Amino acid sequence: MSAQATRDVIYFASAPTDGSPALQGLATLGWHLRRADSMPAVLKILRGHAGMRFAAVIDLRGGFDARDLAAMAPMLSAGNAGWVACVQPDQLALEPIRQLIRDYCYDYVTLPCPEQVLSTVIGHAYGMASLSPRVQDEPAGDVNDGMIGECPPMRALYRALRKSALTQAPVFIAGETGTGKELAALAIHRHSSRHDQPFAAINCGAIAQNLVQSELFGYERGAFTGAQQRKIGRIEHAHHGTLFLDEIGDLPLDCQASLLRFLQEGCFERVGGHESIRVDVRIISATHQDLRALIAEGRFRADLYHRLCVLRLEQPPLRERGDDIVRLAENALRRYANEGRRVIRGFSPCAIHALHTYEWPGNVRELINRVRQAVVMADGRLITAEDLHLADEHTNMLPQTLEEARNNAECDAIQQALRRNRHRLIDAARDLGVSRVTLYRLIERHGLRRPDSDANAAGAA
Ligand SMILES: Nc1ncnc2c1ncn2[C@@H]1O[C@H](COP(=O)(O)OP(=O)(O)OP(=O)(O)O)[C@@H](O)[C@H]1O
Ligand SMILES: [Mg+2]
């Protein structure tokens, strides 16, 4: 629980209500009541105290316009509040009310109800808000030019990037696909003396082979059919700046020869031209392929390799980055949180386990894509291994503590029971031999709640 001395509860009514708000007595039960008369007022409290955790009550007895649901989302999605809805019993039949409760609230009460009951329910919401991962707070000090990572291999990379930025020597960045080679190239450029000059990136693998030469070096008017006027190439565009040659392993052999000449002499000719053009660029290259293997196969020139690879950096694969995997996942969740329909508060234990167990062949790019998709598709408040399409991964037998093993087994058993019973809590609870209330609590803990789950299980009073 939070270290706050008093527990703060915000009260907001969606519309004027005749009934008593029933919150007056909360002060005597240890609550500090803050009334807010508008959504901006609620947001002001929540954003103004981003480090605090709140319980928040939304009184829906005066009703609300379903069209306002989207407008309410930022308020109800703020990561530092746990919401409880107050309703009249007959309102539970109304779909907008049901949806608001399902998507945004920890629980609801039907008023009037004894203050002690209300205080207990609000206490649960406050407790859950206190436990939630702080996905709204930007973690300090772990971003290096947009790169997230604190593990030893990433720290070593940052050191190498800084040193590389101080020189003009060509840099070659090796690493599997999606590990952040382009980000690293940009970081070198931004920290170098050329930072206020152009950074030109060219993906040698994405350009048709017959066009690479003219794309890189430009061409003169009439150089070939269709060349109606002179075109400046990427190398010339990058004059005084940095040229990033991505997927250099895909560079055609004839182009490799021209590039080698440029690297040796500092000048080149446009396609179809005779003028020797001197350009000052710093070269950074990268590929996910094994260049030494390409050399052995005769597909890449060894002399060009040695010219490009004066400084060699290695991007570590994601699976070797330990807790950075979760840091990156949380960052992606923060970035895409508003694309989902509901508030997502973090990752369930089985999702965290899967993040660590999966091999990540597509590395950071794949991680970001999986989280982004999960944000949109998730039905619960926590992203599960299933949402990430990694449900099989968390059962892999990597070293885990007994507590983790129990947690994962519990999460599995609940997921299976829910699937078997089409998410009917009563039947799933009976299968599992626990009460419906216990099952509901476990579902919340593992972040497995489904929109079609038995809403009544959440009710109090
Ligand atoms: N350390 C990191 N922190 C945050 N985002 C990252 C990190 N590394 C990579 N990314 C993100 O992952 C995605 C892939 O990165 P990038 O394009 O730099 O990889 P790459 O190694 O060049 O991939 P490819 O080999 O497929 O070209 C980008 O969206 C990038 O912003
Ligand atoms: Mg790339």
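About the cut-offs
- Residues numbered from 1 in each chain as written.
- Chains lettered and ligands numbered in written order.
- Predicted model: local features only at pLDDT ≥ 70, side-chain atom pairs only at ≥ 80, totals over all residues.
- Heavy atoms only, no water.
- Helix = DSSP H or I, 4+ residues; strand = E, 2+ residues; numbered from the N terminus.
- Rg over C-alpha atoms; globule rule 2.2 N^0.38 Å.
- Buried < 20%, exposed > 50% of the residue type's maximum accessible area, 1.4 Å probe, protein only.
- Contact = heavy atoms within 4.5 Å.
- Axes fitted to C-alpha atoms, helices over the stretch in contact; angles between N-to-C directions.
- Left-handed = near helix turned anticlockwise from the far one by under 90°.
- Nonpolar A, V, L, I, M, F, W, Y, C, P; charged D, E, K, R; others polar.
- UniProt positions renumbered as here; feature names shortened; annotations may be inferred.
- Near = heavy atom within 4 Å.
- Polar contact = N/O pair within 3.5 Å; in protein donor to acceptor, adjacent residues only side chain to side chain.
- Areas by Shrake-Rupley, 256 points an atom, 1.4 Å probe, with all protein chains shown as cover.
- Domains from an automatic or database assignment.
- Pairing = 2+ DSSP bridges.
- Core = buried A, V, L, I, M, F, W, Y, C linked by side-chain atoms within 4.5 Å.

- By the naming in an unreviewed UniProt entry, the chain goes by DNA-binding NtrC family response regulator and is assigned to Luteimonas cucumeris.

## Some words on the overall build of the chain
Right, so step 1: Counting secondary structure elements, the chain contains 17 helices and 19 strands.
Right, so step 2: Here the C-alpha radius of gyration of the chain, 29 Å, is well above what a compact globule of 461 residues would show, namely 23 Å.
Right, so step 3: Oriented by its inertia axes, the alpha-carbon framework of the chain measures out at about 90 × 50 × 45 Å.
Right, so step 4: The proportion of buried residues among the 461 residues of the chain is 51%.
Right, so step 5: The long-range fraction of contacts in the chain, counting pairs at least 24 apart against all pairs at least 6 apart in sequence, stands at 74%.

## Re the packing of helix H15 (residues 402-420) against helix H17 (residues 436-446)
Right, so step 1: At a minimum axis separation of 11 Å, H15 and H17 run at an interaxial angle of 115°. In the packing of H15 onto H17, the handedness of the crossing is left-handed. Contacts from Asn407, Glu410, Cys411, Ile414 and Leu418 in H15 reach Leu439, Leu442, Ile443, Arg445 and His446 in H17.
Right, so step 2: Residues belonging to the contact of H15 with H17 are distributed by class as follows: six nonpolar, two polar and two charged.

## Examining the UniProt feature "domain: Sigma-54 factor interaction" (unreviewed entry) in the chain
Right, so step 1: Those residues carrying the UniProt feature "domain: Sigma-54 factor interaction" (unreviewed entry) are residues 147-376 in this numbering.
Right, so step 2: Taken end to end, residues 147-376 is 43% helix and 16% strand, and its first and last C-alpha atoms sit 24 Å apart.

## Here we look at the site of ligand 1
Right, so step 1: Near ligand 1 lie 19 residues; those nearest to it are Ile148, Thr177, Gly178, Lys181 and Arg365.
Right, so step 2: Lys181 places a side-chain nitrogen or oxygen 2.6 Å from an oxygen atom of ligand 1.
Right, so step 3: Calculation on ligand 1 without its partners gives an accessible area of 630 Å², and the protein chains cover 83% of this total.
Right, so step 4: Secondary structure elements with two or more residues in the shell around ligand 1: strand E7 (147-148), helix H6 (181-191) and helix H14 (363-377).
Right, so step 5: Looking at the shell around ligand 1, its residues break down into seven nonpolar, five polar and seven charged.
Right, so step 6: Domain assignment of the residues forming the shell around ligand 1 places at least three in each of domain 2 (152-315) and domain 3 (321-457).

## Some points on the domain arrangement of the chain
One widely used convention gives an interface's size as the accessible area the parts lose upon coming together.
Right, so step 1: Each assigned domain of the chain is listed here: domain 1 (7-132), domain 2 (152-315) and domain 3 (321-457).
Right, so step 2: Using only C-alpha atoms to locate each centre, domain 1 and domain 2 end up separated by 57 Å.

## Notes on the pairing of strand E12 (residues 242-246)
Right, so step 1: By the criterion of burial, E12 is predominantly enclosed, with five of the five residues buried.
Right, so step 2: The alternating pattern of E12 places Thr242, Phe244 and Asp246 on one face and Leu243 and Leu245 on the opposite face, and all of these are buried.
Right, so step 3: Bridge count between strand E9 (residues 199-203) and E12: five bridges; the pairing is parallel. When the bridges of E12 are listed, Ala200 appears paired with Leu243.
Right, so step 4: Judged from the four bridges that link them, E12 and strand E15 (residues 282-287) form a sheet pairing that is parallel. Across the sheet, the residue bridging to Leu245 is Ser285, located in E15.

## Comments concerning the nonpolar core
Right, so step 1: Grouped together as the largest cluster of nonpolar side chains are 40 residues, with contacts concentrated most on Phe347, Leu355, Trp360, Leu367, Val371, Ile383 and Leu388.
Right, so step 2: For this core, the secondary structure elements donating two or more residues are helix H12 (324-336), helix H13 (349-357), H14, H15, helix H16 (425-432) and H17.
Right, so step 3: Setting aside chain neighbours within four positions, we find Leu367 in contact with Leu318, Ile325, Leu328, Ala329, Leu355 and Trp360.
Right, so step 4: With 32 residues, the next largest nonpolar core counts Ala174, Phe217, Ile283 and Leu291 among its residues.

## Focus: the environment of Thr357
Right, so step 1: As for its position among the elements, Thr357 is in helix H13.
Right, so step 2: The buried category is assigned to Thr357, whose relative accessible area is 8%.
Right, so step 3: Residues Thr357 and Arg319 lie 38 residues apart in sequence; the distance between their C-alpha atoms is 8.0 Å.
Right, so step 4: Reaching out from Thr357, the side chain makes a polar contact with the backbone oxygen of His353 at a distance of 2.5 Å.

## Some thoughts on the sheet that holds strand E8 (residues 171-174)
Right, so step 1: The parallel open sheet is built from five strands, whose spatial order is E9-E12-E15-E8-E16. Since the sheet does not close on itself, it has two edges, and those belong to E9 and strand E16 (311-314), each with one partner. The sheet shows a mean angle of 20° between the axes of neighbouring strands, direction not considered.
Right, so step 2: In this structure, E8 lies alongside E15, joined through four bridges in parallel fashion. Note on E15: the bridge partner recorded for Val171 is Ile284.

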